[in-house]
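Tertiary structure, described
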Amino acid sequence: MSSQMLYEGKAKKIFKTEDPSTLLVRYKDDATAFNGKKKAVIPGKGRLNNLISSKLFDVLNRKGINNHFVKRLSDNEQLVKAVEIIPLEVVVRNIAAGSLSRRLGIEEGTPLKRSIIEFYFKDDALGDPMINDDHIRMMDIADDSDLVQIRQTAQDVNRVLKEIFDGIGVLLVDFKLEFGKLKSNGGIVLADEISPDTCRLWDKATHEKLDKDVFRQDIGDLPQVYEKLLERLEDAQ
Ligand code: 5GP
């Protein structure tokens, strides 16, 4: 496998492979929060997110939700289809928490009558500002049909993930998705990662946090929490 690095992000490195239509993703042990203001190296985190993300992408592929995941290669690495990432963070919420609670004064833990989709412009220098469909079209980030597909896929992912987590006694509070355009044919697919770094997950019975909030808020041992989640997920179909 060739090893020319194309890109290094906060949590992953992306390498070329011999096949231009596929890339290798290596998950790092680095943890960041608050737009990079809080940082740590947490041994084992890369492996856990790679295993959890591989599992979830695999289930989504099997349920007909196309995504960039091809296969897991090792503890820390997975093979994905090459895409150009659309600079949007697509957040789906089922229960109030985080920035929604802060912005609208809705108490954390309040179930939302309907799930909500929010868009943020993926730009570290600007602090990932929230934007709407009009901004997205004005900035040529995506067109009308792209947005229809992104919203529909986000809802489909929510339905499938809620079912998986419900089956293992976990509430899917909210999560962030990213989409990309396939280098091969320009089609839009789900990309990036789905892991406890990008989701809020609470134990259904105790509301114990099983996600990156344990790092953001210094309220638990991240590898232990992620390992427990992985064990529970191994029982999921
Ligand atoms: P909030 O807007 O409440 O901070 O985040 C909503 C959800 O999206 C949470 O599950 C959070 O983990 C995820 N999320 C939002 N922005 C980011 C980001 O820049 N990086 C990661 N890893 N997750 C994010």
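Residues numbered from 1 in each chain as written. Predicted model: local features only at pLDDT ≥ 70, side-chain atom pairs only at ≥ 80, totals over all residues. Heavy atoms only, no water.

**Let's talk about the pairing of strand β3 (residues 22–27)**
For β3, the buried fraction is high: five of the six residues fall into the buried class. Two strands pair when backbone bridges link them, and strand β2 (residues 12–16) and β3 are joined in this way by five bridges, in the antiparallel orientation. Looking at the pairing, Phe15 lines up with Leu24 of β3. Where β2 folds back on β3, the antiparallel hairpin that results is connected by five residues. The pairing of β3 with strand β7 (residues 77–81) spans five bridges and is classified as antiparallel. Counted as the bridge partner of Arg26 is Glu77 from β7. (Buried < 20%, exposed > 50% of the residue type's maximum accessible area, 1.4 Å probe, protein only. Helix = DSSP H or I, 4+ residues; strand = E, 2+ residues; numbered from the N terminus. Pairing = 2+ DSSP bridges.)

**Focus on the site of the ligand**
Taken together, 16 residues form the shell around the ligand, and within it Arg93, Ser99, Asp174, Asp197 and Arg200 come nearest. For the ligand, a nitrogen atom lies 3.2 Å from a polar atom in the side chain of Glu89. Arg200 is positioned such that a nitrogen or oxygen atom in its side chain is 2.9 Å from an oxygen atom of the ligand. A total of 490 Å² of accessible area belongs to the ligand in isolation, and the protein chains cover 80% of it. When residues of the shell around the ligand are traced back to their parent elements, those giving at least two are β9 (88–95), α2 (98–104), β12 (170–182) and β14 (199–203). When grouped by side-chain class, the residues that make up the shell around the ligand number four nonpolar, three polar and nine charged. (Near = heavy atom within 4 Å. Polar contact = N/O pair within 3.5 Å; in protein donor to acceptor, adjacent residues only side chain to side chain. Areas by Shrake-Rupley, 256 points an atom, 1.4 Å probe, with all protein chains shown as cover. Nonpolar A, V, L, I, M, F, W, Y, C, P; charged D, E, K, R; others polar.)

**Concerning the pattern of salt bridges**
Going through the model one piece at a time under the given rule, you end up with 30 salt bridges. Arg93 serves as the salt-bridge partner of Asp174, at 3.5 Å between the closest nitrogen and oxygen. Note that Asp174 is positioned in strand β12 and Arg93 in strand β9, a separation of 81 residues in sequence. With a shortest N-O distance of 2.8 Å, Arg151 and Asp133 are connected by a salt bridge. Taken as a pair, Arg151 in helix α4 (residues 144–167) and Asp133 in helix α3 (residues 133–138) lie far apart in primary sequence, 18 residues in all. Note on Arg151: relative accessible area 29%, which makes it partly exposed. On the basis of relative accessibility, which here comes to 19%, the residue Asp133 falls in the buried class. Within this structure, Arg93, Arg103, Glu118, Asp174, Arg200, Asp213 and Arg216 form a network of salt bridges that share partners. (Salt bridge = Lys/Arg side-chain N within 4 Å of Asp/Glu carboxyl O.)

**A few points about the packing of helix α1 (residues 45–62) against α4**
Following both chains from N to C, one finds α1 and α4 inclined at 120°, their axes separated by 11 Å at the closest point. The angle between α1 and α4 falls in the class oblique. Crossing handedness for the pair α1 and α4: right-handed. Every residue of α4 that contacts α1 at Leu56, Val59 and Leu60 is listed here: Val157, Val160, Leu161, Ile164 and Phe165. For the contact of α1 with α4, the residue count by class is eight nonpolar, no polar and no charged. (Axes fitted to C-alpha atoms, helices over the stretch in contact; angles between N-to-C directions. Parallel < 35°, antiparallel > 145°, perpendicular 65-115°, else oblique. Left-handed = near helix turned anticlockwise from the far one by under 90°. Contact = heavy atoms within 4.5 Å.)

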